[in-house]
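# Structure at a glance
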Amino acid sequence: MKKGVFWIYDVTVEEVRGKDSIVLWGLDEDGVPHVFIDSGFTDHVYVAGDPDSVEKVLSENPILYRRVSISNTVRRFLGREYPFTMISGDPASVRDAGRLLNRFFEVFELDVRLSQKYILYKGVKPSRWYNIEYEDIQWGGWRYSHRLMNISLGDVIGYPDLKVVAVDLAPSLSLGEPDPDGDPLYAYALYSKEGIYTGERGESEYRLFKDMVDRLLENDPDVIVTFMGNRVYYPYLRERGGKIGLKLGIGRYPKEIYQSVLGHYSIGGRINIDLYEYVDGLPFLQLKTLEELARYLGLPDPPVKGDPYLYDRMWMEDRDKLIEYLSWRVETIYKSFERLAHDIIEMSSVTGIPLDYVLTSSSGRQVEFYIMCEAVGRGEVIPPQVSREVRSYQGGMVLEPVKGLHRGVAVIDFKSMYPSIMIKYNISPETVTDRRGDNVEFFEEVGLGVHRDREGLLPTLVEKLIRLRDEARRSLTGLPREDPRFKVVDARQRIYKILANTVYGYMGWPSARWYSRQAALLVTYLGRQVITATMDKASKLGLEIIYGDTDSLFVRHNVEKIGELLSWVENELGMEAKLEKVYKRVIFTSAKKRYAGIYDSVVELVGLEYLRRDWCRYARNLQYDVASEVLVMGGVGDSLGIVKRYVDRLRRGEVPLDDLVIWEQISKPLDEYKVNSPHIEVARKLAMKGWKIRRGVFIGYVIQKGDGPIYTRAVHYLDADPSLIDVGYYVKHQLIPSAHRVLEPIGVSRKEVENVALYSGRGLDAFM
DNA sequence: TGGGGCCGGGG
DNA sequence: GTGTACGGCCCCA
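Residues numbered from 1 in each chain as written. Chains lettered and ligands numbered in written order. Predicted model: local features only at pLDDT ≥ 70, side-chain atom pairs only at ≥ 80, totals over all residues. Heavy atoms only, no water.

## Description of the packing of aromatic side chains
Note the cut-off: When the centres of two rings from Phe, Tyr and Trp lie within 6.5 Å, Trp using its six-membered ring, the rings pair. Their planes under 30 degrees apart give stacked, over 60 give edge-to-face, and anything left gives tilted. When accessible area is computed with a 1.4 Å probe and restricted to protein chains, residues below 20% of their type maximum are described as buried, those above 50% as exposed, and intermediate ones as partly exposed. Lysine and arginine charges are scored as sitting over a ring when NZ or CZ, respectively, is within 6 Å of the ring centre and within 35 degrees of the ring normal.
In this structure the tally under the stated criterion is 39 aromatic pairs. Seen from their ring centres, Phe 588 and Tyr 595 are 5.1 Å apart, and the 45° between their planes marks the pair as tilted. Per residue, the accessibility class of Phe 588 equals that of Tyr 595, and both read buried. Put simply, the rings of Tyr 547, Phe 554, Tyr 583, Phe 588, Tyr 595 and Tyr 599 pair up and form one aromatic cluster. Between Arg 319 and the ring centre of Trp 315, over which it is positioned, the NZ or CZ distance is 3.7 Å. The ring of Phe 442 has Arg 436 lying over it, and the distance from NZ or CZ to the ring centre is 4.4 Å.

Spelled out as structure tokens, the structure:
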């Protein structure tokens, strides 16, 4: 028997000699790939039924009956102990037995995938180092394949030297996304540590394909990074390859890529990372483009302006430019992964979701897998995934703001309000009840209470995550920034925080295994109580309340009184609040969730048009400039002059089309829309041309001149004619409103704003 | 003129 | 495919 240390990067189920077996994919300390086959994993399900009846049902299928073992066991389920009948044995038999029994009894853990169960019950979380004992065997033509004998968690902090290759493609995009039937591949680009390589189509598309596949195999990467691989490029490549007679055999084993769950593509033995899936989860990146990601990470802008939708045009008109753009893309994809790798790997390592899936999983499923690991560790049976009716509930409290321009306003924030409430009151799906009783702390107003005599699973986990984060942060102070462990631990503490903050929302999500509307509702109720009590105390202290939202209070600044309030919160409420910032000036509109302020020379706009992608960039910039003027000058200043200059430039046709584009997302299948609106009408027109308009697609449009409602005059930005822009619409419905929004609170009327806009340039009839 | 559909971003 | 609260646009009756 041999021994070694390996970093496990994936856990899959493969057929080995006709039997479903677990395969662990690992790298040794030199970065050499190994596979470990574990054919001996015993699967199980729990059946809620007495052993005799379970046995009776099973014995009707004698073959199956002989292949599984049946035993009585007591397990915890949602905090209480119950007797279960456990069926165990080889995975295929347990699955078949489970399905059979499911017709008569409630069967638990039948809906947990085998590879997940392996991770849960063997405690083998991916993206960590393990001490492994093994014997060599032959499998799949793999150079280093072994039979797994023993595995235990190691204690190394860090990663092996991962071989990473970024790939990007320029296919023809006649209809929004490449059609494998008609759209050829023009070019590809590949980036690795060795540098960049690009290929262009010459005489034969087949050669280009072959060239790309060969290059990839030559590099033999552990990780292939793309931007939109799962959504667009792998499906295209696979089918297009089939058409031209070349299989996409870029895996280690199996060679060919294949589609697995959730629109994810598996590349045998390699890690498929689609950075678009990461970007999708970053709310502050509005259009989810690679350009935005680059800017966010501090990477260079593209050297030439490009757009995947323009690949056809670029290929016809300027191939060098296309290759230059593609080269920037692939380098940016590679370097973005370098910067994000620690966060992605730590999300995998902490939750237990293999790297290949961790970005494809929603944040609900990420936190859920973490909860499953912990639940199994505590001997809990995993609740089933069931589909439930969506029933919403009351959320946070938002105060009516005091309209106007204020000076010296302090913002007080509760620290992790919902996680703290869950911990303080022990709120968890299995501790919340609608019945009064001993050891039940009851809240009459919502008719719900909490068992105080048993430890709730979710609050315990939230507390643990917060503790782990604190520990990680403390250990950071002892590490120099250059130490390779620094980035690992730093990423880990961020992941702990993200998970801790997600648990409340997870609990209120109807698809959650640990769903509890009552528990979620109780959390928000107690949040409202906390803020209300704090407001009362603030008033008693003579602090004027100007605004508040969910877990924050804006009050007239007063150092002593705020200090007193904060200690009251800590002592009387057992919560933590802090003085977040003090606005030197702040403008409140009469609307909730919309304000602008300045502190430490930082101008900050919240909830206003400036932040919204469904307003054109030009109007957003105007609003920022006007708000800054008011906040810096402490009054109207030259605001109206700013408005006038913006309007003049637009009238003179000096504003680039890009700054006039309005972006909106398609949120459901097109035929489900009941209304006519600009972005839907544009999407319908694109669909008529043959574009595939899926959920999540961004539609950028401008409003052109003409008669009738604007939805009839909205034109896709790629088809727009700059000379046909409806200047009147932009002045009246974009520039004036966005400027007026921040001027109205200081007493500037709509009429005043309109006047400078209208009587600038050529006068009223030019655009009305 | 007001209500419904829809969207996006705040905490 | 984590939660709710909210404002504001456009369309249509």
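Next, the rest of the story.
## Observations regarding the protein's contact with DNA strand C
What counts, and what does not: When at least one non-hydrogen atom of a residue lies within 4 Å of a molecule or strand, that residue is treated as near it. Here a polar contact is recorded for every N or O atom pair within 3.5 Å, except that within protein the pair must consist of a potential hydrogen donor and a potential acceptor, and residues adjacent in sequence are included only if both atoms are side-chain atoms. Comment: elements are numbered from the N terminus, with helices defined as DSSP H or I runs of at least four residues and strands as E runs of at least two. Each residue is assigned to one class: nonpolar for Ala, Val, Leu, Ile, Met, Phe, Trp, Tyr, Cys and Pro, charged for Asp, Glu, Lys and Arg, and polar for all the others, Gly among them.
The full set close to DNA strand C counts 27 residues, and Ser 362, Ser 363, Tyr 393, Gly 395 and Asn 676 are the nearest of them. Within 4 Å of the protein, the atoms of DNA strand C are drawn from sugar and phosphate moieties in a proportion of 87%. One nitrogen or oxygen atom from the main chain of Gly 364 is found 3.3 Å from a phosphate oxygen belonging to DNA strand C. The separation between a phosphate oxygen of DNA strand C and a polar side-chain atom of Arg 741 is 3.1 Å. Secondary structure elements with two or more residues in the surface near DNA strand C: helix H12 (363-377), helix H15 (484-507) and helix H21 (727-743). At 3 residues, H21 tops the list of elements feeding residues into the surface near DNA strand C. For the surface near DNA strand C, the residue count by class is 10 nonpolar, 11 polar and 6 charged.

## Some points on the protein's contact with DNA strand B
Not every one of the 20 residues close to DNA strand B is listed here, only the nearest: Gln 286, Asp 551, Gln 665, Ser 667 and Tyr 673. Sugar plus phosphate, as a fraction of atoms of DNA strand B within 4 Å of the protein: 87%. At a separation of 2.6 Å, a phosphate oxygen of DNA strand B approaches a polar side-chain atom of Gln 286. Contact distances for DNA strand B include 2.4 Å between a phosphate oxygen and a side-chain N or O atom of Ser 667.

## Some thoughts on the sheet that holds strand S16 (residues 271-274)
Inclusion rule: A pair of strands counts as paired when DSSP detects no fewer than two bridges linking them. Orientation is described by lines fitted to C-alpha atoms, with helices fitted over the stretch in contact, and by angles between N-to-C directions that extend from 0 to 180 degrees. Residue contacts are defined here by distance: any two heavy atoms, one from each residue, within 4.5 Å place the two residues in contact.
A sheet is described by the order of its strands in space; here 5 strands give the open sequence S12-S11-S10-S13-S16, paired in mixed fashion. The sheet is open, and its two edges are formed by strand S12 (195-200) and S16, each paired on a single side. The average angle at which neighbouring strand axes cross in this sheet is 20°, direction not considered. Set on the sheet, helix H5 (residues 205-219) makes contact with strand S10 (164-171), strand S11 (185-192), S12 and strand S13 (223-226); between it and S11 the angle comes to about 10°. Sheet contacts for helix H6 (residues 229-244): S10, S11, S13 and S16; angle to S10, the most-contacted strand, approximately 70°.

## Looking at the domain arrangement of chain A
In plain terms, the rule: These domain boundaries are the output of an automatic or database domain assignment. Buried area is a sum: the accessible area each of two parts loses on coming together, probed at 1.4 Å, counted once for each and added. We define a salt bridge as a side-chain nitrogen of Lys or Arg found within 4 Å of a carboxyl oxygen belonging to Asp or Glu.
Taken domain by domain, chain A holds domain 1 (2-153), domain 2 (164-351), domain 3 (386-458 + 508-595) and domain 4 (615-767). On a C-alpha basis, the centres of domain 1 and domain 3 stand 43 Å from each other. Each side of the interface is counted separately: domain 1 has 5 residues, and domain 3 has 4 residues. A buried area of about 400 Å², summed over both sides, lies between domain 1 and domain 3, and 45% of it is on carbon and sulfur atoms. Considering only the side of domain 1, the residues that lose the most area to domain 3 are Leu 78, Arg 80 and Asp 111, jointly responsible for 73% of the buried surface there. Connecting domain 1 to domain 3 are 1 salt bridge. Asp 111 serves as the salt-bridge partner of Arg 513, at 3.2 Å between the closest nitrogen and oxygen. Applying the counting criterion to the domain 1 and domain 3 interface returns 1 residue pair in polar contact (both at pLDDT 80 or more). For the side of domain 1 that touches domain 3, the class distribution of residues is 2 nonpolar, 1 polar and 2 charged.

## Observations regarding H6
Helical geometry: 3.6 residues make up each α-helical turn, so side chains three or four residues apart lie on a common side. Along H6, the positions that sit buried rather than exposed are Gly 229, Asn 230, Val 232, Tyr 233, Tyr 234, Tyr 236, Leu 237, Arg 240 and Gly 241. The first or second residue beyond H6 is Gly 245, which carries a positive phi of 85°.

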